[in-house]
Amino acid sequence: VISQVLKNKSIEFNISVVPKVVQVGIHFDLFYQPIQNSLRNVGYGGEKESFTFYGVDRKRGHLVEKVVSNIKDLNLVSHNYYNHLCMPGYYNKIDALVMSSLEEAGGLPAMEAAAAGKLIIGTPVGYFEENGKHGGGVLVPLDELGFLNETRKNLMYYKDNPKEYREKCEEIQNYAREHYDWSKTINSWVELLS
């Protein structure tokens with residue numbers, strides 16, 4: 001499986017074989033872009049909505065729309081769920097990516113946009129739960145009110161402080177180079193398939 005979350009789920013569902021965790025990587029150079037000078041355009045990481053078996057929207061794109069629409073001089077750059085080959089072009093249109101998910105196995109958009117030098121703001125799910133703590137972006141709470149308040153606060157801060165915005169994006173991009181590129185994650189796959 002690609003994350004500890006999925007390993008835990010398999011144990012929860014009483015699957016008798018305990019899976020090995022291997023991390024997905026990205027091709028850093030495919031997504032790399034120079035860092036923008038300021039924050040004006042915000043993108044959304046993932047499908048706009050995706051419902052669980054119990055009817056819970058686990059992606060919550062409407063929350064990103066809500067928070068961005070209430071900040072002057074910020075634009076939400078929406079997308080249809082693009083094919084992965086189109087994502088570098090999408091990241092070229094944005095300055096920040098917000099991931100509002102309640103659950104993720106991995107979270108490729110956050111990894112890809114980090115390589116593109118974008119500000120990443122996300123909930124503690126998938127790979128971002130750990131990577132957001134260590135330089136991969138800005139962690140915000142999972143609960144709706146906390147998510148809205150902290151995402152708004154961070155977007156406004158980085159919009160109003162271009163120097164700090166560029167420094168944070170550089171930190172995130174360097175983190176992506178050192179932790180997300182396939183050259184850093186491939187060994188666990190080689191071991192698994194050997």
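Structure shown above.
Scoring rules and cut-offs
Residues numbered from 1 in each chain as written. Predicted model: local features only at pLDDT ≥ 70, side-chain atom pairs only at ≥ 80, totals over all residues. Heavy atoms only, no water. Axes fitted to C-alpha atoms, helices over the stretch in contact; angles between N-to-C directions. Helix = DSSP H or I, 4+ residues; strand = E, 2+ residues; numbered from the N terminus. Parallel < 35°, antiparallel > 145°, perpendicular 65-115°, else oblique. Left-handed = near helix turned anticlockwise from the far one by under 90°. Contact = heavy atoms within 4.5 Å. Nonpolar A, V, L, I, M, F, W, Y, C, P; charged D, E, K, R; others polar. Core = buried A, V, L, I, M, F, W, Y, C linked by side-chain atoms within 4.5 Å. Buried < 20%, exposed > 50% of the residue type's maximum accessible area, 1.4 Å probe, protein only. Pairing = 2+ DSSP bridges.

Here we look at the packing of helix α5 (residues 108-115) against helix α8 (residues 162-179)
Thought 1: The N-to-C vectors of α5 and α8 enclose an angle of 110°; their axes lie 7 Å apart at closest approach. With respect to α8, the axis of α5 lies roughly perpendicular. For the crossing formed where α5 meets α8, the hand is left-handed. On α8, the residues touching M111, A114 and A115 of α5 are I172, Q173 and A176.
Thought 2: Taken together, the residues that form the contact of α5 with α8 break down as five nonpolar, one polar and no charged.

Notes on the nonpolar core
Thought 1: The biggest cluster of nonpolar side chains holds 46 residues, and the ones touching the most others in it are L39, V42, Y91, L119, I120 and L155.
Thought 2: In contact with L119, other than residues within four places in its own chain, are L39, D95, A96, L97, V138, Y158, Y165, K168, C169 and I172.

A word on the sheet that holds strand β1 (residues 41-44)
Thought 1: Read across the sheet, five strands follow the order β2-β1-β3-β4-β5 without closing on themselves; strand pairing throughout is parallel. Lying at the two open borders of the sheet, with one neighbouring strand each, are β2 (75-77) and β5 (138-139).
Thought 2: In this structure, strand β3 (residues 96-99) lies alongside strand β4 (residues 119-122), joined through four bridges in parallel fashion. From the neighbouring strand, A96 faces β4, where its bridge partner is L119.
Thought 3: Packed onto the sheet, α5 meets β3 and β4 and runs at close to 165° relative to β3.
Thought 4: Of the strands in this sheet, β4 and β5 touch α8, which is tilted by about 80° from β4.

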